[in-house]
Amino acid sequence: MPVFRPFSVSRFTLRYPVLAACMLGSLWTTDASAEEVRWISDSLTTYVRSGPTDGYRIVGSLASGQKVELLRSQGDYSQVRSENGDSVWIATRDLQSVPGQAERLPQLEQKAADLGAELKGIDDTWKTRVQGMQETLDSRKALIDELQAARSDLDSQLTQAQADLREAQAQLGDENKQVLMRYMVYGSSIGGAGLLLGLVLPTMLRVRRKRNDGWV
């Protein structure tokens, strides 16, 4: 890489008096723009000149991504001040308004690391939430299984109780029939006895009356 050589105005004035006069005239006639920050583009090493045209000699070079201060622009060239304080001219196309890759790479890496940490935090949070939801789901499933088992047990008990009730109702019906038969038998017996008594009692009374009449 060529070594940057500081530009000497006095030496340039002595060797190129006409061009020096033109440059000094342009410096007096051109309004200076506000100082801005620029970076050397991420292309190959950029050569710098002593003036704002290709006719000026190369006085050094600036590395890609190097930070410079923009002083002013003239035509296709811009005058910049490097970090060591030298003012040189460089093709405007070789400047960019954003930092170079060498300067942006650590920032991008840090941003990527921050995003990775944030994503990991989000992932851990979601894992925790999913785990909690899974545990809740498992507990609810266990409760549902327990309730279903209790319901099955109650259904079995209800079926058994209904069967016992039907059996009891059948036994009660049989007992009612037996009681009714007994009542009928008893009633028939009482009715027969009453009929027999009704037939025998008058006869006995007549016989007794005759005996009483005979004794008299």
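As shown above, the structure is provided for reference.
Since the model is a prediction, treat every value here as computed from it, not as a measurement.

I'd like a description of the overall build of the protein, backed by residues and values.
From N to C terminus, the protein includes three helices and seven strands. Shown N-terminal to C-terminal, the secondary structure of the protein runs as helices and strands in the order α-α-β-β-β-β-β-β-β-α. Counting over 216 residues, the protein shows a buried share of 18%. In the protein, once contacts between residues fewer than 6 apart in sequence are set aside, the share between residues at least 24 apart is 55%. Summed over its atoms, the accessible surface of the protein is roughly 16500 Å², and 60% of this surface lies on carbon and sulfur atoms.

How would you sum up the side chain of R49? Please name residues and give values.
Structurally, the position occupied by R49 is in strand β2 (residues 46-49). Despite being buried, R49 has no salt bridge partner; D54 is the closest side chain of opposite charge, sitting 4.1 Å away. With sequence-adjacent residues up to four places away left out, R49 is seen in contact with D54, Y56, R57, I58, V59, Y77, V88 and W89.

Calculation rules
- Residues numbered from 1 in each chain as written.
- Predicted model: local features only at pLDDT ≥ 70, side-chain atom pairs only at ≥ 80, totals over all residues.
- Heavy atoms only, no water.
- Helix = DSSP H or I, 4+ residues; strand = E, 2+ residues; numbered from the N terminus.
- Buried < 20%, exposed > 50% of the residue type's maximum accessible area, 1.4 Å probe, protein only.
- Contact = heavy atoms within 4.5 Å.
- Areas by Shrake-Rupley, 256 points an atom, 1.4 Å probe, with all protein chains shown as cover.
- Lys, Arg positive; Asp, Glu negative; His and termini not counted.
- Salt bridge = Lys/Arg side-chain N within 4 Å of Asp/Glu carboxyl O.

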